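Residue-level listing of the chains:
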Amino acid sequence: MTDTPILRVDSARKEYDRAGSPGRFRRGERERFVAVDDVSITLARGETLSVVGESGSGKSTLGRMILGLTEPTSGTIEFEGVDVTRRSSRQRRELTREMQVVFQDPYSSIDPRQRIEDVIREPLDIHRIGTAAERRERVLEVMHQVALPERMTRFFPHQLSGGLRQRVSIATALVVRPALIVADEPVSALDVSVQAQILELFAEVQRTTSVALLFISHDLGVVREVSDRVAVMRRGRIVETGTIDDVFDRPAHGYTAALLSAIPPADPRLPFTPIHYTDE
Amino acid sequence: MTDLLVVNDLSVQYAGTSRPSISGVSMTLAAGEVVGVVGESGSGKTTLGSALLGLLPQGARVEGSATFEGLEILGAPERVLRPLRGIKLSTIVQNPATALNPSFSIGSQMIALLRRHLGLSKVEAREYAIHWLGRVGIGDPERRMSSHSHQLSGGMNQRVVIAMALALSPRLVIADEPTSALDVTVQAAILQLINDLIAESGSSMVLITHDLGVVAQMCSRVVVMRDGAVVETGDVDQIFHAPRTDYTRHLLASQPSPRTLEELTDD
Amino acid sequence: MTLETGASAVDEAAGVPSRASLRSTFASRAEVVAGGALVLCAVLIAVIVPLIDPAAATAVGASVPLAPPGSDNLLGSDQLGRDQLARIAVGYGISLTIAVGAVLLAVVIGGLLGLLAATANSVIDGVIMRVLDVVMAFPALLLSIVVVALFGAGTEVLMLAIGIVFIPIIARVTRAAALETFQQPYVEAAIARGARRGRVIFRHVAPNSLGPVVVQASILIAVAIMLEASLSFVGLGVQPPTPSLGLMLSTGRDFMVSDPWIVGVPAIAILVVVLGFTLIGDGLQTWLDPKKRAVAR
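Just so you know, the residues in each chain are numbered from 1, in the order the chain's sequence is written. Lettering of chains starts at A and numbering of ligands starts at 1, both following the order in which they are written. Where local features are concerned, this predicted model is filtered to residues with pLDDT of at least 70; where side-chain atom pairs are given and counted, the filter is 80 or more; whole-chain, interface and lining totals use all residues.

Draft legend 1. View of the overall build of chain B. For chain B, the helix and strand inventory stands at 12 helices and 10 strands. For the radius of gyration, the atoms used are the C-alpha atoms, and the globule rule reads 2.2 Å times the number of residues raised to 0.38. In terms of C-alpha radius of gyration, chain B reaches 19 Å, essentially the compact-globule figure of 18 Å for 267 residues. Seen through its C-alpha atoms, chain B measures out along the principal axes to roughly 55 × 45 × 40 Å. Numbering of helices and strands runs from the N terminus; a helix is a DSSP stretch of H or I covering at least four residues, while a strand is a stretch of E covering at least two.

Here is the structure:
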């Protein structure tokens, strides 16, 4: 018997109206810009799928559609078997109990006027989970889970470094014990050594909880450590999906090979021979 | 061979701060070398670049010395630095938007630069500019001359900036995170371009970056900085395969890489 | 798409204040303190002086009329022999009450309208702003005169009249600040986490949009004091025998030649408190702005 995948995206498409480029004022001429072009992915319970792509690939738009921040032009999104494509605001709110998010920029994705414990506790307040005492307990529990010292509960975000702030964001995502976390470029704004720590934290969360993770990133190097499977996107389409090892060791698509070869190896003895990719 | 650039015990303290941003920094650069200055944020590597270019904000206190071709450039007055800039010493910045004026076409900016420094006529400058745009890989360069920076992608803008930096065949280029704002495939192409052009012209380069991969592939020597001081200097193979300090080891170990860690730690 | 890494030049430079910005932080703090001192003086006078002699402000004939400032009357006496200092004190009390009341009214109503316009759909935004535009098209004095004409003179009416004039101004400032805050990732994060409209607006948008509103409010208090003085001057404000700074100016006009102090004193009194609030508002504006940028890093 198969488990229902926790997330299934079927032929999702997102188009935007775009006025003609500057200098061409022709009435009625509006280009349709396709950000996401017929994308289908599935994510099993407890699995980590990374969506990798460069700018313009549509990966962030895909993430926003899944989170319900924007609606697909066509196609469906199913969460735990239920079609959530066109969500009502009530449905959207209920869904967030099971689907949480970690954003890219730790400097602007946390309310600067709230203390850390209020930030982390907010999802519990929104969903009215537990008594005040129980909420406090849970906040401390999840802070411990992300290795944030308890004394930081009363701190303000500006007192914390980027890496610590990102831990706060992860704690906030974990506090309601969601079934799925969508992480949109969660380490891109961090120093390299801090990135490694946060990736290790994600790996730890995967080990100790059964949360499914949709990890969006532009950096292939980053996703290797945390993913089970990878989907590579380019210009709104998925060009390749597979297990981490398959995609990295035996890329099936020219663009994936180009992406892999474009990363300069941090070793002067290793060759740097980027493959150039163009679509015909 | 005499060194092109000699930095000795350089310290910079910005106005209103309680401690120097960089202190005791020393390094040398010989003609034709590409030296990488690598560090995380707060390491002071950008301050070093600004100091060398004479671009520190007002009130910054500078100590130590930096000589370029034997001439002291630290704290030198504008009339000494201006003839150097562009012709002898040029720069590639991280964000091409800050180097290019959006109100003027890229062609006119390039022409202005070439005329100012090489004394070319308008026609000559235009031809030379078109030639250089082609060399940096911009397709249909003649048409692109009339484009403005906002009409071009980040990668193309950075190519324009590189063209402007290298068209004057400077002896020394200071590049501060020249590819950090670019997609990785675009970065790969730009790095190759820089490599080819530098090799061809025999220019030297100080390449400031946080990316160890870029350093490994572009530089012959490396200066590792942390918290305003130089932690280790050495030739690129030694830094990556026989690092002498814990910090360098730590920096190397935290690089996420598509290749397995085993491949990286074979020293 | 900019791939923001922790190691950008902007990041390193942003943590370091330039000499110019430090000077302005220092100067702006001095401005706020200076302004605060002036306002405090006025408040102290308003509170303490009436305690010493409650009836002095309206005690006709208690002193020699039109006496210059001296040992009997610290700020002189008016044409009916009433002590100017006592009248200033009561006048301050009334002016400050009206001004603060009017601004509070404007902040509550204008603030709500601004928040609503910023966070609701464009139709509601459009309607609210157009209505406010109409109100703003009326000259302040004219509008307050209309309100007074409708409801009669009196302290509460004055508060209402001036408050109504200010509502569109505060609404506009609030809307601009709220719009900017609304774009911030942390607001989107709250929405993505299922926060209801009310929580988003009152917990996230409003507190982070306060800065410009506080600045505007301080300046508006100064304006309110002048408006009230103007209205009282033309007889549409506070009614005699209740002293009002504007009224004192008005009635003193006739005796200005023989005793300049009779208008000089209320004029300086107005100046002091208006200057005080203006300095506070101006200082706050400079102070809050770079700090906001520093905090954001």
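Having seen it, we continue.
Draft legend 2. Looking closely at the overall build of chain C. When helices and strands are tallied, chain C shows 11 helices and 0 strands. Its helices and strands taken in sequence order, chain C reads α-α-α-α-α-α-α-α-α-α-α from the N to the C terminus. Taken across its 297 residues, chain C has 46% of its residues classed as buried. We call two residues in contact if the C-beta atoms placed from their backbones are at most 7 Å apart. Pairs at least 24 apart in sequence give 70% of the contacts found in chain C among residues at least 6 apart. Exposed residues have 12 or fewer other C-beta atoms within 10 Å of their own C-beta, buried residues have 20 or more, and residues in between are partly exposed; the C-beta atoms are placed from the backbone.

Draft legend 3. Summary view of the interface of chain B and chain A. Residue-level contacts link 28 residues of chain B with 27 residues of chain A. When residues of the side of chain B that touches chain A are traced back to their parent elements, those giving at least two are α8 (184-201), α9 (212-218), α10 (236-241) and α11 (246-253) of chain B. With 6 residues, the single largest contributor to the side of chain B that touches chain A is α8(B).

Draft legend 4. Expanded view of the sheet that holds strand β2 (residues 22-30) of chain B. Residue and element names in this part refer to chain B. A sheet is described by the order of its strands in space; here 4 strands give the open sequence β2-β1-β4-β5, paired in antiparallel fashion. With one partner strand each, in any of the chains shown, β2 and β5 (71-72) form the two edges of the open sheet. Here, strands pair whenever DSSP counts at least two bridges between them. Examined bridge by bridge, strand β1 (residues 3-13) and strand β4 (residues 61-68) share 7 bridges and lie antiparallel to one another. If you follow Leu 5 over to β4, its bridge partner there is Phe 68.

Draft legend 5. Structural view of the sheet that holds strand β10 (residues 229-235) of chain B. Residue and element names in this part refer to chain B. Strand order in this open sheet of 6 strands is β6-β7-β8-β3-β9-β10, and the pairing throughout is mixed. Lying at the two open borders of the sheet, with one neighbouring strand each, are β6 (89-92) and β10. Taking each pair of neighbouring strands and ignoring which way they run, the sheet shows an average axis angle of 15 degrees. Bridge count between strand β9 (residues 221-226) and β10: 6 bridges; the pairing is antiparallel. By the bridge assignment for β10, Val 224 is matched with Glu 232. Comment: axis = line fitted to C-alpha atoms, over the contacting stretch for helices; angle = value between 0 and 180 degrees taken between N-to-C directions.

Draft legend 6. A look at the nonpolar core. In plain words, the nonpolar core is the set of buried Ala, Val, Leu, Ile, Met, Phe, Trp, Tyr and Cys residues that C-beta atoms within 7 Å link up. Core analysis: the biggest nonpolar cluster contains 246 residues, and Leu214(A) and Ala224(C) have the highest contact counts within it. Sorting elements by how many residues they give to this core places helix α3 (residues 84-119) of chain C first, with 18 residues. For Leu214(A), the contacting residues outside a window of four places in its chain are Leu43(A), Leu49(A), Val51(A), Gly63(A), Ile66(A), Leu180(A), Val182(A) and Ala183(A).

Draft legend 7. Spatial organisation of the environment of Met27(B). Residues and elements named next belong to chain B. Secondary-structure assignment places Met 27 in strand β2. Looking at Met 27, the number of C-beta atoms within 10 Å reads 20, which means it is buried. Sequence separation of Met 27 and Leu 10 is 17 residues, and the distance between their C-alpha atoms is 9.3 Å. Those residues in contact with Met 27, other than ones at most four positions away along the chain, are Val 7, Val 35, Val 223, Val 230 and Thr 233.

Draft legend 8. Geometry of the packing of helix α4 (residues 106-118) of chain B against helix α5 (residues 122-135) of chain B. Residues and elements named next belong to chain B. Orientation of α4 relative to α5, taken along the N-to-C sense of each, is 120 degrees, at an axis distance of 9 Å. Viewed along their axes, α4 and α5 adopt a mutual orientation that is oblique. Here α4 and α5 pass one another in a crossing that is right-handed. Across from Gly 107, Met 110, Ile 111, Leu 114 and Arg 115 in α4, the residues of α5 making contact are Lys 122, Ala 125, Arg 126, Tyr 128 and Ala 129. In terms of residue class, the contact of α4 with α5 is built from 6 nonpolar, 1 polar and 3 charged. Any angle that falls under 35 degrees is termed roughly parallel, while one over 145 is termed roughly antiparallel, one within 65 to 115 roughly perpendicular, and all others oblique. Crossing handedness is read from the near helix: turned anticlockwise from the far helix by less than a right angle, it gives a left-handed crossing, and turned clockwise, a right-handed one. For this classification, Asp, Glu, Lys and Arg are treated as charged, while Ala, Val, Leu, Ile, Met, Phe, Trp, Tyr, Cys and Pro are nonpolar and the rest, including Gly, are polar.

Draft legend 9. Expanded view of the environment of Arg167(A). Within the secondary structure layout, Arg167(A) lies in helix α5 (residues 162-174). Assessed through the 24 C-beta atoms surrounding it within 10 Å, Arg167(A) is described here as buried.

Draft legend 10. Region of interest: the pairing of strand β3 (residues 48-53) of chain A. All names here are of chain A. Most of β3 is tucked away, with 6 of its 6 residues classed as buried. As paired elements, β3 and strand β8 (residues 212-217) share 5 bridges and run parallel to each other. Note that in β8 the partner of Ser 50 across the bridge is Phe 215. Pairing geometry for β3 and strand β9 (residues 229-234), over 5 bridges, is parallel. From the neighbouring strand, Leu 49 faces β9, where its bridge partner is Arg 229.

Draft legend 11. Region of interest: the pairing of strand β6 (residues 99-102) of chain A. Residues and elements named next belong to chain A. Neither face of β6 is exposed, since Met 99 and Val 101 on one face and Gln 100 and Val 102 on the opposite face are all buried. In this structure, β6 lies alongside strand β7 (residues 180-184), joined through 4 bridges in parallel fashion. Directly across from Gln 100, in β7, lies its bridge partner Ile 181.

Draft legend 12. Expanded view of unusual backbone geometry. Positive phi is not limited to glycine here, since Arg235(A) has a value of about 50 degrees. Secondary-structure assignment places Arg235(A) in the loop between β9 and β10 (237-243). Residue class for Arg235(A) comes out partly exposed when judged on the 16 C-beta atoms lying within 10 Å of it. With a phi close to 50 degrees, Asp9(B) is a non-glycine residue in the positive phi region.

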